[in-house]
Amino acid sequence: QVQLVESGGGLVQTGGSLRLSCTASGFTFSGYSMGWFRQAPGKEREFVAAISGSGSTTTYPDSVKGRFTISRDNTKNTFYLQMNSLKPEDTAMYYCARAYGSSLMIRSYNYNYWGQGTQVTVSS
């Protein structure tokens, strides 16, 4: 069955960096776009980044553009979120997800498999 397992969250100071990883299994990894979302307490789930199956195309919202970078290694069935210049408002539970297909998707309803989440906390 499809499984997504995140790792790499933690506590970091403002301006610091973290790299999240998501390892996938149970499907042909390169055939699907993958994404990262986050959810802070009391807020809706928010799109953070997405990457196409080949890794050639990515997209980000303005809130993280220039600070976060999504990448993937299809030989390892793993994709990543490099987060730099972190801010307290980046504090949230971060989830990796698999899209329904190979096209880039930014809406959570276009993703049908989710990881369990990894907490990122940025202290001021």
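This text follows the structure it describes.
Residues numbered from 1 in each chain as written. Predicted model: local features only at pLDDT ≥ 70, side-chain atom pairs only at ≥ 80, totals over all residues. Heavy atoms only, no water.

(A) How the structure looks around the state of the cysteines. Counted according to the given criterion, the structure contains one disulfide. A sulfur-sulfur distance of 2.1 Å marks the disulfide that ties C22 to C96. What sets the handedness of the C22 and C96 disulfide is the S-S torsion sign, and at about 55° it is right-handed. Here C22, found in strand β3 (residues 18-25), pairs with C96, found in strand β9 (residues 92-99); they are 74 residues apart in sequence, far enough to count as distant. Taken as a pair, C22 and C96 share a single burial class, namely buried. (Disulfide = S-S within 2.5 Å. Helix = DSSP H or I, 4+ residues; strand = E, 2+ residues; numbered from the N terminus. Buried < 20%, exposed > 50% of the residue type's maximum accessible area, 1.4 Å probe, protein only.)

(B) Seen up close, the nonpolar core. Counting 28 residues, the largest nonpolar core has W36, L81, M83 and Y94 as its most contacted members. Among the secondary structure elements, those contributing two or more residues to this core are β3, β4 (34-39), β5 (46-51), β7 (68-73), β8 (78-83), β9 and β11 (118-123). It is β3 that provides the largest number of residues to this core, a total of four residues. Setting aside anything within four residues of it in sequence, one finds Y94 in contact with E6, L20, F37, R38, V48, F68, L81, M83, G117, T118 and V120. (Core = buried A, V, L, I, M, F, W, Y, C linked by side-chain atoms within 4.5 Å. Contact = heavy atoms within 4.5 Å.)

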